[in-house]
Amino acid sequence: MVKKTLVAATAISLSTFALTSCGSSNAESGSGGDDDGTITMGFAQVGAESGWRTANTKSIQETAEAEGIDLKFTDAQGKQENQIQAIRSYIQQKVDVIAFSPVVETGFDAVLQEAKAAGIPVILTDRAVDVEDTSLYETFLGSDFVLEGEKAGEWLVENAKEADVDGDGTVNVVQLEGTTGAAPAIDRAEGFADKIAADDTIEVTASQTGDFTRDGGKQVMESFLQSDDSIDVVFAHNDDMGLGAIEAIEAAGLEPGKDIQIITIDAVKDGMQALADGKINYIVECNPLLGPQLMDLAKKVLDGEEVPERVVTEESAFTQEQAKEVLPDRQY
Ligand code: GZL
Ligand code: ZN
């Protein structure tokens, strides 16, 4: 084990070191890859809470398959303790590299220290961790969630007049937050709030987590509708909660997209369909197809190549008209 770990560590420090030596034939190393230098990656996924997550998982699994990477994959069902347990098991299995999307920002320092002590590099994908010591991971590949919230807020400021659906002079916004403590939930709320501050007629009057799920979005929207009959806009941190809100709005006899405007983030197929159908008014894209960049970064890290500490994914945003145009070509 020490030999393999030492070899792996040496490989990372000597950029020209051949990958094959990472796949030492040391029988005990188990899944350290076989002699042809196959990379073994341990991936600890958040869960399967949304259409975005499903597309993200598919991209990672399909790319690993295509690139001949031996992928060990776990679904934490949204529980941090399951993610930590999965990472510990990858350390024990002596995988070559660990990657994960932290379900929440805090509480991973200890297990990341253990991976570092074991000489196993860690790559963050999708969501960030809030750690002092950024040497605990090699790179963070994912979206700029603050920018996503800002794009949503900017659109609302630009369209505030139409968004004041009940014409009472204020744009009354209710917010469906993502998972409490998750980087996308924290950052999207921050970016949105920063931008709507430019127009003091826009006000977030209620905000609650729907945990990034359809059912969560539907239940919270039902409670918002029961307690407030002057809602103009829903800002949902992902499409799935927005789709749940649509169900609640229609059940209340109102027309989503017209009686209450809806802004969401992700741009998965079901969200884009609702946008094209006029039930959602604007969607900010959050690209889940991180598989190719992740596997490329893993190879670079194991080859001892320099990788940037932060790799931001390219993303767009869509109006109803744009959704109609791009829907046929959407990959997820
Ligand atoms: C964002 C990702 C979020 C999506 C949700 O990168 O972490 O988690 O926006 C998903 O759909 O559940
Ligand atoms: Zn109003």
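Cut-off values and rules
- Residues numbered from 1 in each chain as written.
- Chains lettered and ligands numbered in written order.
- Predicted model: local features only at pLDDT ≥ 70, side-chain atom pairs only at ≥ 80, totals over all residues.
- Heavy atoms only, no water.
- UniProt positions renumbered as here; feature names shortened; annotations may be inferred.
- Core = buried A, V, L, I, M, F, W, Y, C linked by side-chain atoms within 4.5 Å.
- Buried < 20%, exposed > 50% of the residue type's maximum accessible area, 1.4 Å probe, protein only.
- Helix = DSSP H or I, 4+ residues; strand = E, 2+ residues; numbered from the N terminus.
- Contact = heavy atoms within 4.5 Å.
- Near = heavy atom within 4 Å.
- Polar contact = N/O pair within 3.5 Å; in protein donor to acceptor, adjacent residues only side chain to side chain.
- Areas by Shrake-Rupley, 256 points an atom, 1.4 Å probe, with all protein chains shown as cover.
- Nonpolar A, V, L, I, M, F, W, Y, C, P; charged D, E, K, R; others polar.
- Domains from an automatic or database assignment.

As annotated in an unreviewed UniProt entry, the chain is ABC transporter substrate-binding protein from Nocardioides eburneiflavus. Turning to the chain, the UniProt annotation filed under Sequence similarities (unreviewed entry) states: "Belongs to the bacterial solute-binding protein 2 family." Under the UniProt heading Subcellular location (unreviewed entry), the entry covering the chain gives this text: "Cell envelope".

1. Considerations on the nonpolar core
With 30 residues, the main nonpolar core has Leu176, Met221, Val234 and Met272 as its most contacted residues. Counting only elements with at least two residues in this core, the list comes to β6 (171–177), α8 (214–227), β8 (233–236), α9 (239–251) and α10 (269–276). For this core, the leading source of residues is α9, giving 6 residues. Setting aside its immediate chain neighbours within four residues, valine 234 contacts Val174, Leu176, Met221, Ala245, Ile249, Ile260, Gln261, Ile262 and Ile263.

2. With respect to the site of ligand 1
Near ligand 1 lie 13 residues; those nearest to it are Glu49, Asp126, Arg127, Arg188 and Asp266. In the environment of ligand 1, an oxygen atom lies 2.6 Å from a nitrogen or oxygen atom belonging to the side chain of aspartate 266. Protein contacts shield 100% of the accessible area of ligand 1, which totals 320 Å² for the unbound molecule. Classifying every residue of the shell around ligand 1 gives 5 nonpolar, 2 polar and 6 charged. Shared between two domains, the shell around ligand 1 takes at least three residues from each, and those domains are domain 1 (16–141 + 288–311) and domain 2 (145–285).

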